[in-house]
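# Observations on chain architecture
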Amino acid sequence: KELFTPSHFKAENHLPILKQIKETGVKFYITGSFALSVFKIIRRPINDLDIIVKTREDFELMYEKFGGELFEDYEKIKDTLTDVLTYANQIRTKINTVDVCIFCIEDEETLSVELDGEIFHVLYPHSTINAKFLYVNNILEDISCFDEEPSVIEVAKLKRLRKHLADIQDYCIFVESKRID
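In this text the structure is predicted, and so the values were computed from the model without any measurement. Position numbers for residues start from 1 in each chain and track the written sequence from start to end. Residue-level local features of this predicted model are given only where pLDDT is at least 70; pairs of side-chain atoms are given and counted only at 80 or more, and the full residue set underlies all totals for whole chains, interfaces and linings. As a convention, hydrogens and water are excluded, and side-chain values are obtained from all of the structure's heavy atoms.

### Looking at the pairing of strand β1 (residues 28-31)
Sheet faces and side chains relate simply in a regular strand, where the side chains alternate between the two faces. Definition in use: For every residue, the accessible area obtained with a 1.4 Å probe (protein chains only) is divided by the maximum for its type, and the residue is called buried under 20%, exposed over 50%, and partly exposed between those limits. Put simply, DSSP marks the helices as runs of H or I at least four residues long and the strands as runs of E at least two long, and each gets a number from the N terminus on. Strand pairing is assigned whenever DSSP detects at least two bridges linking the two strands.
Of the two faces of β1, the one carrying Phe-28 and Ile-30 and the one carrying Tyr-29 and Thr-31 are both buried. Alignment of β1 against strand β2 (residues 48-53), held across four bridges, turns out to be antiparallel. Considered in β2, the bridge of Ile-30 is made with Ile-51.

Structural data, given as structure tokens:
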């Protein structure tokens, strides 16, 4: 298999974390911007790592192992809930120096890729882009230009919105370049 080593970011920050996660025995696959960079689709530096685990048991094991904040559909879960893991479908944590988002989602089609001598499963680009599109759409649904008082988007959401839109644009350019070839 071809070893993908995108030149526009330093993979040495991410690969040890992927190996550390793999050592837990949890079955997971890579998604997000890192996955898109593996396929040489996006041009921007990669800051974080997004992975998807396939079962609730693996999700709970990841929380137990790495801790973090729990979210349900990108909204932070209030600490007042008694059984927060029941409602959560996302963990945001930091492993070493890298922000890691861990999602619990049903199995999707992946491709096996060799990175630094190890095999990892990477979500196909169209599925990653679809998730980014849905995230952008969710942010934009919160804004109504018909309200008397316009909604304000948090700075953090604006940064993620900009990042996801850039990734969607790069994917469109990538697909168009393949169509022309």
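Still to come is the rest of the account.
### Structural notes on the side chain of His-164
Rules: Contact criterion: two residues are considered in contact whenever any of their non-hydrogen atoms come within 4.5 Å of each other.
Along the polypeptide, His-164 turns up in helix α6 (residues 155-180). Overall, the relative accessible area of 10% leaves His-164 in the buried class. Among residues more than four places away in sequence, those in contact with His-164 are Lys-132, Tyr-135 and Val-136.

### Let's talk about the environment of Glu-114
Among the structural elements, Glu-114 can be located in strand β7 (residues 110-115). Among the residues examined, Glu-114 registers a relative accessible area of 25% and is labelled partly exposed. Each C-alpha atom, one on Glu-114 and one on Val-38, is 10.0 Å from the other, the two residues being 76 residues apart in sequence.

### Some remarks on helix α3 (residues 56-66)
What counts here: This arc is built from the directions going out from the helix axis to the C-beta atoms.
Within α3, the full set of buried residues consists of Asp-58, Phe-59, Met-62 and Phe-66. Down the axis, α3 shows its buried residues gathered within 105° of arc, on one side only. Of the exposed residues in α3, those oriented more than 90 degrees away from the buried face are Glu-57 and Glu-64. Downstream of α3 by a residue or two, Gly-67 has a phi angle that is positive, lying close to 65°.

### Quick word on the packing of aromatic side chains
Worth spelling out the cut-off: Working definition: a ring pair exists when centres of Phe, Tyr or Trp rings (six-membered ring for Trp) sit within 6.5 Å. Plane angles under 30 degrees give stacked, over 60 give edge-to-face, the rest tilted.
In this structure the tally under the stated criterion is one aromatic pair. A centroid spacing of 6.4 Å and a plane angle of 50° characterise the contact between Phe-28 and Phe-120, whose relative ring orientation is tilted. Separated by 92 residues along the polypeptide, Phe-28 in strand β1 and Phe-120 in strand β8 (residues 118-123) bring together distant segments of the chain. Here the two residues Phe-28 and Phe-120 agree in accessibility, since each one is buried.

### Focus: the nonpolar core
We apply this condition: In these notes, a set of buried Ala, Val, Leu, Ile, Met, Phe, Trp, Tyr and Cys residues joined through side-chain atoms within 4.5 Å is what counts as a nonpolar core.
Counting 40 residues, the largest nonpolar core has Leu-18, Ile-30, Phe-34, Leu-49 and Met-62 as the members making the most contacts within it. Non-local contacts of Leu-49, meaning those with residues more than four positions away in its chain, are made with His-14, Ile-17, Leu-18, Ile-30, Phe-34, Val-98, Asp-99, Val-100 and Cys-101. In terms of nonpolar packing, the next biggest core, distinct from the first, is built from five residues, Tyr-29, Ile-52, Cys-101 and Leu-123 among them.

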